[in-house]
Amino acid sequence: PPFKYKSPEDSGTCCPLCWAESIDVPEDRSWAKGMTGGVGLNNNADPILCRDAVCPPADCPEYDQFFDGRCCTKCKTAAAVTPADLAKSFD
């Protein structure tokens, strides 16, 4: 077959790959037509720590949004305490 197994060590990835040297497959990005890169960071976000962040648009009215000190504006329904919040409190 045209595919051969490449281990994570050989490919430099986290997972094994099925690799084909002789087959060219055109990239199909038609599913992404009309998609945007998200919305901008919250104005109070750290521009250095959040430089690669992509914020999805909040799916709630503006009066129901808040900023929790991370990169993006969120809906109040996302204000649940997460394991990451708990771990941060131990610092």
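The preceding data block contains the structure.
Residues numbered from 1 in each chain as written. Predicted model: local features only at pLDDT ≥ 70, side-chain atom pairs only at ≥ 80, totals over all residues. Heavy atoms only, no water.

Engineer: Would you take a moment to explain the overall build of the protein for this structure?
Structural biologist: Across its full length, the protein carries two helices and four strands. When the helices and strands of the protein are placed in sequence order, the string is β-α-β-β-β-α. For 91 residues, the compact-globule estimate of 2.2 N^0.38 gives 12 Å, and the C-alpha radius of gyration of the protein, at 20 Å, exceeds that figure by more than 25%. For the protein, the spread of C-alpha atoms along the three principal axes comes to 55 × 40 × 25 Å. Within the protein, the proportion of its 91 residues that are buried is 13%. Look at the contacts in the protein between residues 6 or more apart in sequence, and 11% of them connect residues 24 or more apart. For the protein, the exposed area adds up to about 7900 Å²; of that, 57% sits on carbon and sulfur atoms. (Helix = DSSP H or I, 4+ residues; strand = E, 2+ residues; numbered from the N terminus. Rg over C-alpha atoms; globule rule 2.2 N^0.38 Å. Buried < 20%, exposed > 50% of the residue type's maximum accessible area, 1.4 Å probe, protein only. Contact = heavy atoms within 4.5 Å. Areas by Shrake-Rupley, 256 points an atom, 1.4 Å probe, with all protein chains shown as cover.)

Engineer: Explain the environment of Glu-9 to me, please; I cannot follow it from the model alone.
Structural biologist: Following the sequence through the fold, Glu-9 ends up in helix H1 (residues 8-11). Taking relative accessible area as the criterion, Glu-9 reaches 68% and is therefore assigned exposed. For the pair Glu-9 and Trp-19, spaced 10 residues apart in sequence, the C-alpha to C-alpha distance is 14 Å.

Engineer: Just to check I follow, could you spell out a nonpolar patch on the surface for this structure?
Structural biologist: Where nonpolar side chains cluster on the molecular surface, the patch consists of Phe-3, Ile-23 and Val-25 and spans about 310 Å² of accessible area. The topology assignment puts Phe-3 in the segment before strand S1 (4-6). (Patch = residues over 30% accessible without salt bridge, like charges linked within 9 Å, V, L, I, M, F, W, Y side chains within 5 Å. Salt bridge = Lys/Arg side-chain N within 4 Å of Asp/Glu carboxyl O.)

The quantities given are spatial measurements derived from coordinates; they are silent on function.
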